[in-house]
Amino acid sequence: MKKKITMLMISLVLVLSVLGGCSSKSEETSTDGKTTIEVWAMGDEGKRLSGVVKDFEAKNPKIKLKVTAIPWDSAHDKLVTAAAAKEGPDVIQLGSSWVTEFAAAGGLLDLSKYDKSEDYPNINSDKFFTGASEGSKYDGNLYSVPWYVETRVLYYRSDLLAQVGYKEAPKTQAELKDAAEKLVKLGGKDHYGIDLAITDPMYPQVFSWQNGVDLIDSKNRKANFNDAKAISSMEYYASFFKEGLAAGPDVQIDITQAFADGIKPMYISGPWMINIMNDAKATTGEFEWNIAPLPAGDTDNTSYLGGAGLSVSAYSDNPEEALTFINYMADPEVQVNWYKTANGLPAVTSAWEDPSLADDKILSVFREQLDHAKVPPMIVELESIKQNIIKMVEDVVVGGADVKSEMKKLEQTAQEILDGK
Amino acid sequence: MKFRFFSNRPYMIFILPALIILSVFSIFPIFVALGVSLTDMNLIGLLNWNQVQFVGFENYMDLLADKEFRQAFFNTIFYVVFGVPLVVVASLGVALLLDYGKNKFFTAARALFYMPSVTTSVAIAVVFGYLYNNHYGLFNYVLSLFDLPKVPWLTHPIIAKISLILMAAWKSIGFNMIIFLAALQGIPKDYYEAAEIDGAKKWQKLLYIKVPLLGFATFFVASTTLIGWFQFFEEPMIMTKGGPVGSTNSIALFIYDKGFKLSEFGYAAAGSFVLFLIILALTLIQFKLRKKDNGYN
Amino acid sequence: MNQQKLSAERLLVYIVLLAGGILMTLPLFWAIFTSFKTAAEAMQTPPSLFPNEWLIDNYKKLFVELNFGTYLRNTLVLVAFSFLGLFINMMAGYGFAKFKFKNKEKIFYLVLATMMIPGQATMIPNYLILNKMGLTNTMAGIILPGLAGAFTIFLFRQFMETIPDDLIEASRIDGAGNIRIFMQIVAPICKPIIAVQAILGFIHAWNSFLWPLIVANSEDLYTLGVGLSLLKGQNVSDFALQMTGSSLMIVPVIILFLFCQKYIVEGFTTSGLK
């Protein structure tokens, strides 16, 4: 017994040291004159990015590409620890709020001087959707190059809306509410007009944008929650819950099914729902659906723009090769292929001329909305202000607090956060 | 020289390997966390250490004034006060039931009760989400069969806390029951035989032999469960995100939100340290009580 | 008469255990059944227990899309080292249970203290330490911090304290050294606890996610937990596929438990402690 365990321990220790030796072997140094570029991309998208390696390496024989997929679940933790140790990849996939966070901390390379440079023709902020370009900048400098985008549009049950007199989707905020009221009447008990999650701070911002207010003015670092239009936008949003047009947090039903059953005949979401809707129609049966750009407020019909860009780490030893890769990913043809492999919508406007995108009726709605889509303000304090917005919405919708006084309080809190108090 | 060190201190051979690893990867980081809690460390500071400023006890002062933290603190106390006794009693009860017989049925039942501890939290979250669902949930469906009103399982401030406690208890019974079972199996047969000769009834055997002899196991389960409930995190995180209106938020979830979502490392470290001190104090009290009351040894 | 009363009581025990057991395993079976459903059926409310049609597409997809072999190999290495960790903790537990030395209580409290600080607080310091040691992006870096654990040491100490000193003294008089006493007397008595801890350590290593992800900068070092979570997209994830991954992870643990539980029950009855 004793001998066995001693042997086992010795062999385990041996294995441990061998494993340590093996994997710590640095892959940065080239064996054949090639430079290795490490790319971190997230989740399923990251997994699929490996698909471009072959084509990229064929076009750039001097660069070896190593793609590592990072699960979304703890991607932020991983990025923070890697940055703390001043190591990590050459190229990182980042959404706009993470660009802000890491750029402010000095973890990303300033790419401003490469914008519109001859060496990297595809890195040109004019070639992307305006919103996407905005989401790549922090403090006036470029820290990221848009990769793929998404925006939110209105999904609606065209059959049910037709029954209440809407042959086309609602075009204004007033029509949206009117349609919701009629749909509730049509559906009866336990039916709603639209799905608006109270945990998503996007809605107050989007409705305010549509009425011409930015809840946070990032240039002047000023909170605008107490603005009259911000308050009326918030009241508009809250009224859906107060009047039973949107379900509060106590109604827990998956949106796909609620939509198919007509319980929630409208909702606002992104392009990933297209396939889910098609599947739902194929399996659960008879219903008609369509999408439309968001209804407009007093000013326009601005929506939220998301997606991701590619950034170069400030600790990268090979920034030029990293940029070569980023330049490659922003090529219109590669962008179209990326749509075909991973359903990521092109961030480069000219890529949309490809028939696979231009001829698709559903996608053309997204194309239209992308011209009217903004990223949230690029400020470091965004996340903590967002949490305060969620809390405020919860207080109003669940706790029944007064919108006006809550918005006044929120403006104060947000301004204190912005002023670093 | 080296050998004399060990022959004079034979215990060293046994505790040294563990002590070295713990010192490097657990005890040293505690002091790091203590240091960080006295600074304004955030992501910028983490990447550029020269920008970190010493702020003394400011983070701790801010914590005391933070409404959100106070709410999380009282919620955590609620979890501990109801969660610890529930888990200890339920695990012991299940263990005693499982110790009742020795055939295939009991072997199978033991496995069944252990299953929640190995089930992934994603699956648990979804199934409990369904059970607790206001409109379509199984629990409310059963209630409706008896003409009872719907219960807002996860959306009422107090009921939501209880729902989360039940869920966590359900998950932790398996492991603790195994500890009790292992201890029950360890009670020497002679004790029972002696008691049977004295004509003891079943419940007497239970009360006077089994329960006292489980002292060491009970102490272990109680003290680790106490620590576990103070660090209660996963259930509120996956089920309610701390809501409604912060009523299920726990200290650990508060720390996670501040540290990993907002990158306020200094503030989060201060929160961790407060939690650490509370647990340390209560554990020391438990150990002192245990010493005084060392019944059977 | 006595016979009858007994069987009524027995029946009650059976019913309680059976009802409890079903409640305990429902989510598990639901997860396994869901792995055979389509994505749409998995999201249905109220959910169906059995799939409309038993499909193995999810399993196929999982094996095609992920580097399962690599993940499994890494996970098994972690599991193997969790047993080394078990041994280290068992030794420490014995040291604290059966030796008297200066400051023993204080050192033990220090060990316990490591359980009380939230893991989030020590994660970044640990990573920086490993980085200084040059162990980031290595298997050793993933394994090392988890080798010793206060929880396990505490459990062994609690258990070993009940071993009568006479037993150990008797062996010492027979001329056995410390190590031999530990291996030949103490270890066999601890079989039930070793079995309990082996399962726990196995589950822990098997499900490990966050630390391997933080330390590994390459998919070559990913564990099953990390690899399977790659299935999640930013906005949508295929629920049935996730359950398939979960099922694949749960089933081996159940098998191990069924194998080990024999020791939990029988271990003590064969020991010298009577």
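If you check an unreviewed UniProt entry, chain C appears there as Multiple sugar transport system permease protein from Neobacillus niacini. As stated in UniProt under Subcellular location (unreviewed entry), the record for chain C gives "Cell membrane". What UniProt records for chain C under Sequence similarities (unreviewed entry) is the sentence "Belongs to the binding-protein-dependent transport system permease family."

Chain B carries the name Multiple sugar transport system permease protein in an unreviewed UniProt entry, which gives Neobacillus niacini as its organism. Per its UniProt entry, chain B bears the Subcellular location (unreviewed entry) comment "Cell membrane". On record in UniProt, under Sequence similarities (unreviewed entry), the comment for chain B is "Belongs to the binding-protein-dependent transport system permease family."

Some points on the overall build of chain B
The helix and strand inventory of chain B stands at 15 helices and zero strands. Seen through its C-alpha atoms, chain B measures out along the principal axes to roughly 75 × 75 × 30 Å. Per-residue burial over chain B gives 46% buried out of 297 residues.

Points about the interface of chain B and chain C
On the side of chain C, 73 residues touch chain B, which itself brings 65 residues to the contact. At the level of elements, helix 2 (10–36), helix 6 (104–118), helix 7 (121–132), helix 9 (157–185), helix 12 (215–230), helix 14 (251–261) and helix 15 (265–292) of chain B are the ones that each hand at least two residues to the side of chain B that touches chain C. Looking at side-chain class alone, the side of chain B that touches chain C contains 52 nonpolar, ten polar and three charged residues.

Some points on the environment of K264(A)
Residue and element names in this part refer to chain A. Inspection of the secondary structure puts K264 in the loop between helix 11 (255–260) and strand 10 (266–269). K264 gets classed as buried once you count the C-beta atoms within 10 Å, which come to 27. K264 sits 17 residues away from A247 along the chain, and the two C-alpha atoms are 8.5 Å apart. Residues within four places of K264 in sequence aside, it is in contact with Y192, I194, D195, A247, I255, A258 and F259.

Considering the UniProt feature "transmembrane region" (unreviewed entry) in chain C
Residue and element names in this part refer to chain C. Mapped onto this structure's residue numbering, the UniProt feature "transmembrane region" (unreviewed entry) falls at residues 12–33, 76–96, 108–130, 142–160 and 243–264. As a span, residues 76–96 carries 100% helix and 0% strand, and end to end its C-alpha atoms are 30 Å apart. Within the segment residues 142–160, helix and strand shares are 68% and 0% respectively, and the terminal C-alpha atoms sit 30 Å apart.

Section: the sheet that holds strand 10 of chain A
Residues and elements named next belong to chain A. Strand order in the open sheet formed by three strands is 10-7-11, with antiparallel pairing between adjacent strands. Only two strands of the sheet have a single neighbouring strand rather than two, namely strand 10 and strand 11 (290–292). Mean inter-strand twist for the sheet, computed between neighbouring axes without regard to direction, equals 30°. Note: strand 7 (residues 153–156) against strand 11, three bridges, orientation antiparallel. Paired with L154 across the strands is A292, a residue of strand 11.

Observations regarding helix 2 of chain B
Taking 1.5 Å per residue as the helical rise, helix 2 of chain B with its 27 residues ought to reach 39 Å, and the 37 Å between its terminal C-alpha atoms agrees with that figure. The largest bend along helix 2 of chain B reaches roughly 50° and is located at S23(B).

Describing the packing of helix 2 of chain B against helix 5 (residues 104–116) of chain C
Two elements in contact, helix 2 of chain B and helix 5 of chain C, have axes whose closest approach is 10 Å; the angle formed by their N-to-C orientations is 70°. The angle between helix 2 of chain B and helix 5 of chain C places the two elements in the roughly perpendicular class. Contacts between helix 2 of chain B and helix 5 of chain C involve L22(B), S26(B), I27(B) and I30(B) from the first element and L110(C), V111(C), A113(C) and T114(C) from the second. Tallied by class, residues from the contact of helix 2 of chain B with helix 5 of chain C come to six nonpolar, two polar and no charged.

Things to note about the packing of helix 12 of chain B against helix 8 (residues 150–160) of chain C
In contact at an axis separation of 9 Å, helix 12 of chain B and helix 8 of chain C are set at 160° when each is read in the N-to-C sense. Considering the angle they form, helix 12 of chain B stands roughly antiparallel to helix 8 of chain C. Crossing hand, helix 12 of chain B versus helix 8 of chain C: right-handed. Residue-level inspection shows F216(B), F219(B), F220(B) and T224(B) of helix 12 of chain B in contact with helix 8 of chain C, the latter providing F151(C), F154(C), L155(C) and Q158(C). Of the residues belonging to the contact of helix 12 of chain B with helix 8 of chain C, the class tally is six nonpolar, two polar and no charged.

Let's talk about the interface of chain A and chain B
Opposite the 21 residues of chain A that make contact, chain B presents 19 residues. Secondary structure elements with two or more residues in the side of chain A that touches chain B: helix 4 (75–84), helix 5 (96–104) and helix 17 (382–397) of chain A. With five residues, helix 4 of chain A is the largest single contributor of residues to the side of chain A that touches chain B. Its residues assigned to classes, the side of chain A that touches chain B shows nine nonpolar, six polar and six charged.

Definitions and cut-offs
Residues numbered from 1 in each chain as written. Chains lettered and ligands numbered in written order. Predicted model: local features only at pLDDT ≥ 70, side-chain atom pairs only at ≥ 80, totals over all residues. UniProt positions renumbered as here; feature names shortened; annotations may be inferred. Helix = DSSP H or I, 4+ residues; strand = E, 2+ residues; numbered from the N terminus. Buried ≥ 20, exposed ≤ 12 C-beta atoms within 10 Å, placed from the backbone. Contact = placed C-beta atoms within 7 Å. Nonpolar A, V, L, I, M, F, W, Y, C, P; charged D, E, K, R; others polar. Pairing = 2+ DSSP bridges. Axes fitted to C-alpha atoms, helices over the stretch in contact; angles between N-to-C directions. Expected span 1.5 Å × (residues − 1). Bend = angle between axes of the 7 residues up to and from the residue. Parallel < 35°, antiparallel > 145°, perpendicular 65-115°, else oblique. Left-handed = near helix turned anticlockwise from the far one by under 90°.

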